[in-house]
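Residues per chain, in single letters:
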Amino acid sequence: MTENPPAADGVAQALRERINTSQPHTARIWNYWLGGKDNYEVDRAAGDQIRQLHPGIGEYARADRLFLGRAVRHLVADAGIRQFLDIGTGLPTADNTHEVAQRLAPEARIVYVDNDPLVLAHARALLTSTPEGRTDYLDEDLRNVDAILEHAAKSLDFTQPVALILLGVVIFLDDDEDPYGVVRRLMDALPPGSHLVLSHTITSPAMPDVDEAVKFWNEHGTPKLTQRTPEAVSRFFDGLELLQPGVVSCSRWRSEEAGDAEPEEVAMFGGVARKN
């Protein structure tokens, strides 16, 4: 079942009014890099400019999506997780969280959270569910932890393990917004056996062109983002049991499952950890 009925005319109009087509937006650029069609000329122009500054940027989007698939498959098949709270959903594309999870466990329940109006409009139409499972969508900001937990509890059972998915979204919290505290508050609300799946753009002396691309983005796009070192990304998993191989390039997190040679490193690092 799904809790996302088609938007009424008034809701649809309100969503359209919130969509700013004059300024590039990260969700739409990400969609462009993934080969999607849910973007505007301003997004494609910015995406091409960023790609000139850092030619490998398109690989981040693909690496992050493949990381999501491998992590969700592990959580369902090996950890027995049947509930997912996916915050910072982004525009629906191939192999969304509910598709990967319900392929293995049709009864899986997923709550998506995002605050982008274009994402919301597409989610209502595309983020459907198997008859045995459930999907829901919340129009909410990561910073509003209490509101997210209150609404998610209507679809998820917080007495049973939940996988919290934060892919490429904590980067939009400045250091003065207590990003570590936000993640900790979310995990504190979940029972033992729950997992955190998180990815984050990094800054590294070995990848100076990444910093240039981020600088361009913060001057021209929305929302602004904050890079962190691999060590700073690892701090989001403090107090949790970090699964092997730890916090690494998303392209290399258990990439051996695909049977290919070790892929190139990308400046999007991620990890998976268990709450004991």
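Refer to the structure above for everything that follows.
Residues numbered from 1 in each chain as written. Predicted model: local features only at pLDDT ≥ 70, side-chain atom pairs only at ≥ 80, totals over all residues. Heavy atoms only, no water.

A.B. asks: Residues and numbers for the packing of helix H7 (residues 145-152) against helix H8 (residues 179-188), please.
C.D. replies: Where H7 contacts H8, the two axes come as close as 10 Å, and the packing angle between them is 25°. Taken together, the axis directions place H7 and H8 in an arrangement best described as roughly parallel. Crossing geometry of H7 relative to H8 is assigned as right-handed. Taking contact as the criterion, the partners of Val 145, Asp 146 and Leu 149 in H7 are, on H8, Val 182, Arg 185 and Leu 186. (Axes fitted to C-alpha atoms, helices over the stretch in contact; angles between N-to-C directions. Helix = DSSP H or I, 4+ residues; strand = E, 2+ residues; numbered from the N terminus. Parallel < 35°, antiparallel > 145°, perpendicular 65-115°, else oblique. Left-handed = near helix turned anticlockwise from the far one by under 90°. Contact = heavy atoms within 4.5 Å.)

A.B. asks: So what about the packing of aromatic side chains? Which residues, and what values?
C.D. replies: Within the structure shown, the criterion is met by 2 aromatic pairs. Centroid distance Phe 67 to Trp 253: 5.6 Å. Interplanar angle 75°. Geometry classified as edge-to-face. Taken together, the positions of Phe 67 in helix H4 (residues 57-77) and Trp 253 in the loop between strand E7 (248-249) and strand E8 (268-274) put the pair 186 residues apart, joining distant regions of the chain. A relative accessible area of 0% means that Trp 253 is categorised as buried. (Phe/Tyr/Trp six-rings, centres within 6.5 Å; stacked < 30°, edge-to-face > 60°. Buried < 20%, exposed > 50% of the residue type's maximum accessible area, 1.4 Å probe, protein only.)

A.B. asks: How would you summarise unusual backbone geometry if you had to cite specific residues and measurements?
C.D. replies: Across the junction of Gln 244 and Pro 245, the peptide omega takes the value 10°, indicating a cis bond. If you trace the backbone, Pro 245 turns up in the loop between strand E6 (241-242) and E7. Of note in this structure, Asp 178 is not a glycine but carries a positive phi near 55°. With respect to the helices and strands, Asp 178 occurs in the loop between strand E4 (163-167) and H8. Using a relative accessible area of 43% as the deciding quantity, one classes Asp 178 as partly exposed. Located in the positive-phi region is Arg 254, a residue other than glycine, with phi close to 50°. Within the secondary structure layout, Arg 254 lies in the loop between E7 and E8.

A.B. asks: Which residues make up the environment of Val 119, and what values do they have?
C.D. replies: Mapped onto the fold, Val 119 is located in helix H6 (residues 117-126). The sequence separation of Val 119 and Arg 28 amounts to 91 residues, and the corresponding C-alpha distance is 8.9 Å.

A.B. asks: Can you lay out the pairing of strand E5 (residues 195-201) for me, pointing to particular residues and giving the numbers?
C.D. replies: Burial of E5 is extensive: 7 of the 7 residues sit out of reach of the surface. Here E5 shows no split at all, with His 195, Val 197, Ser 199 and Thr 201 on one side and Leu 196, Leu 198 and His 200 on the other all buried. Of the pairings in the sheet, the one linking E4 to E5 comprises 5 bridges and is parallel in character. Bridge pairing links Ala 163 to His 195 in E5. Across 7 bridges, E5 lies against E8 in antiparallel orientation. Across the sheet, Ser 199 pairs through a bridge with Gly 270, a residue of E8. (Pairing = 2+ DSSP bridges.)

A.B. asks: Describe the nonpolar core, naming the residues involved and giving the relevant values.
C.D. replies: If you look at the biggest cluster of nonpolar residues, it comprises 83 residues, and the most contacted ones within it are Phe 84, Leu 85 and Leu 166. When residues of this core are assigned to their parent elements, the largest contribution, 10 residues, is made by H4. Residue contacts for Phe 84: discarding those within four places in its chain leaves Val 72, Leu 75, Val 76, Thr 97, Ala 101, Arg 109, Ile 110, Val 111, Leu 156, Val 162, Ala 163 and Ile 165. (Core = buried A, V, L, I, M, F, W, Y, C linked by side-chain atoms within 4.5 Å.)

A.B. asks: Please give an account of helix H2 (residues 26-33) that cites residues and values.
C.D. replies: Burial runs high along H2: 7 of the 8 residues are buried. Restricting attention to buried positions, one finds in H2 the residues Thr 26, Ala 27, Arg 28, Ile 29, Asn 31, Tyr 32 and Trp 33. At the exit of H2 stands Gly 35, carrying a positive phi of roughly 90°.

A.B. asks: An account of the side chain of Thr 130 is needed here, citing residue identities and associated values.
C.D. replies: Looking at the secondary structure, you find Thr 130 in the loop between H6 and strand E3 (134-139). In terms of polar contacts, Thr 130 uses its side chain to reach the backbone carbonyl oxygen of Pro 106, at 2.5 Å. (Polar contact = N/O pair within 3.5 Å; in protein donor to acceptor, adjacent residues only side chain to side chain.)

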